[in-house]
Amino acid sequence: QVQLVESGGGLVQTGGSLRLSCAHSGSYFSIYTMAWYRQAQGKQRELVATIATSGGSTNYADSVKGRFTISRDNAKNTVSLQMNNLKPEDTAVYYCNYRLLGIDRRINDYWGQGTQVTVSS
């Protein structure tokens, strides 16, 4: 069983920056994609950014393009999200997601427990 743990959330003022990180434990064969999602109170969970482990291509939600940067550490198989110029509408619980091939030879999504990001106006 793979477990993901996020860190780096907190309270920041508008225009500030935060860096989220996601560490994992457990066994698997390979990771296909790493991603960050967020869920604001009363809203559905939405995709923020993804990065492919092969090739490193990235994709971002339009609302965060130019402000957020997703990156990965291949050696450690960790993923980070650098968030700059934060806005109150970025306030949400942020979740790390890995899509990977498990030791059971099945492709599954794994989620962290979430980390709160609050941007004050």
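This text goes with the structure placed above it.
All figures in this text were calculated on a predicted structure; none of them were measured in a lab.

Conventions adopted
- Along each chain, the written sequence defines residue order, and numbers are assigned to residues from 1.
- Owing to the predicted nature of the model, reporting of local features is limited to residues with pLDDT of at least 70; listing and counting of side-chain atom pairs is limited to 80 or more, with chain, interface and lining totals taken over all residues.
- Think of the side-chain values as coming from all heavy atoms in the structure, minus any hydrogens and water.
- Numbering of helices and strands starts at the N terminus; helices are DSSP runs of H or I of at least 4 residues and strands are runs of E of at least 2.
- The globule rule used for comparison is 2.2 Å times the number of residues to the exponent 0.38, while the radius of gyration itself is calculated over C-alpha atoms.
- Any two residues having at least one pair of non-hydrogen atoms within 4.5 Å are treated as being in contact.
- Only the protein chains shown count as cover for residues, with accessible areas throughout obtained via the Shrake-Rupley method and a probe of 1.4 Å.
- Charge assignment in this entry is limited to Lys and Arg as positive and Asp and Glu as negative, and neither His nor the chain termini are counted.
- Note on charges: their place is set at NZ of Lys, CZ of Arg, CG of Asp or CD of Glu.
- Pairing between two strands requires that DSSP report at least two bridges joining them.
- We call a set of buried residues a nonpolar core when its members are Ala, Val, Leu, Ile, Met, Phe, Trp, Tyr or Cys and they connect through side-chain atoms within 4.5 Å of each other.
- Remark: exposure states derive from per-residue accessible area (1.4 Å probe, protein chains only) relative to the maximum for the residue type, with buried under 20%, exposed over 50%, and partly exposed in between.
- Put simply, a disulfide is two cysteine sulfurs that come within 2.5 Å.

Colleague: Summarise the overall build of the chain; cite the residues concerned and give the values.
Modeller: Helix and strand counts for the chain come out as zero helices and 11 strands. Of the regular secondary structure in the chain, the N- to C-terminal order runs β-β-β-β-β-β-β-β-β-β-β. Relative to a compact globule of 121 residues, whose C-alpha radius of gyration would be 14 Å, the chain shows 14 Å and is just as compact. C-alpha extents for the chain along the principal axes are approximately 45 × 25 × 25 Å. Put simply, 55% of the contacts in the chain that link residues at least 6 apart link residues at least 24 apart. Surface summary for the chain: the accessible area is close to 6600 Å², and the carbon and sulfur share equals 45%. Charge separation in the chain, taken as the distance between the mean sites of 12 positive and 8 negative side-chain charges, equals 3 Å.

Colleague: Before we move on, can you summarise the pairing of strand S10 (residues 107–111) with the specific residues and values?
Modeller: Two faces belong to every sheet, and in a regular strand the side chains alternate between them. Alignment of strand S9 (residues 92–102) against S10, held across five bridges, turns out to be antiparallel. Along S10, the bridge assignment pairs Tyr98 with Tyr110. The turn joining S9 and S10, which pair antiparallel and follow one another in sequence, is formed by four residues; a positive phi near 70° is taken by Arg105.

Colleague: Which residues make up the nonpolar core, and what are the values?
Modeller: In terms of nonpolar packing, the biggest core is built from 29 residues, with Trp36, Val79, Leu81, Met83, Tyr94 and Tyr98 touching the most fellow members. Put simply, the parts of the chain that give this core at least two residues each are strand S3 (18–25), strand S4 (28–39), strand S5 (46–52), strand S7 (68–73), strand S8 (78–83), S9 and strand S11 (115–120). The dominant element in this core, judged by the number of residues it contributes, is S9, at five residues.

Colleague: Quick one: what's the story with the state of the cysteines, residue by residue and with numbers?
Modeller: Defined simply, a disulfide is a covalent bond joining two cysteines at their sulfur atoms. Counted by the stated rule, this structure contains one disulfide. Residue pairing for Cys22: its cysteine sulfur links by disulfide to Cys96, the two sulfurs lying 2.1 Å apart. Torsion about the S-S bond of the Cys22 and Cys96 cystine: about -85°, corresponding to left-handed handedness. Here Cys22 is found in strand S3, whereas its partner Cys96 is found in strand S9, with 74 residues between them in sequence.

Colleague: Could you give an account of the pairing of S8, naming the residues involved and the relevant values?
Modeller: Of all six residues that make up S8, five are buried, and the element is covered over most of its length. Of the pairings in the sheet, the one linking S3 to S8 comprises five bridges and is antiparallel in character. Within the sheet, the bridge partner assigned to Arg19 lies in S8 and is Gln82. Inspection of the sheet shows S7 paired to S8 by six bridges, in the antiparallel sense. Paired with Ile70 across the two strands is Leu81, which belongs to S8. Here S7 folds back onto S8, and the loop between the two strands holds four residues, one of which, Asn77, carries a positive phi near 55°.

In short, the description is geometric, and any link to function would need to be established separately.
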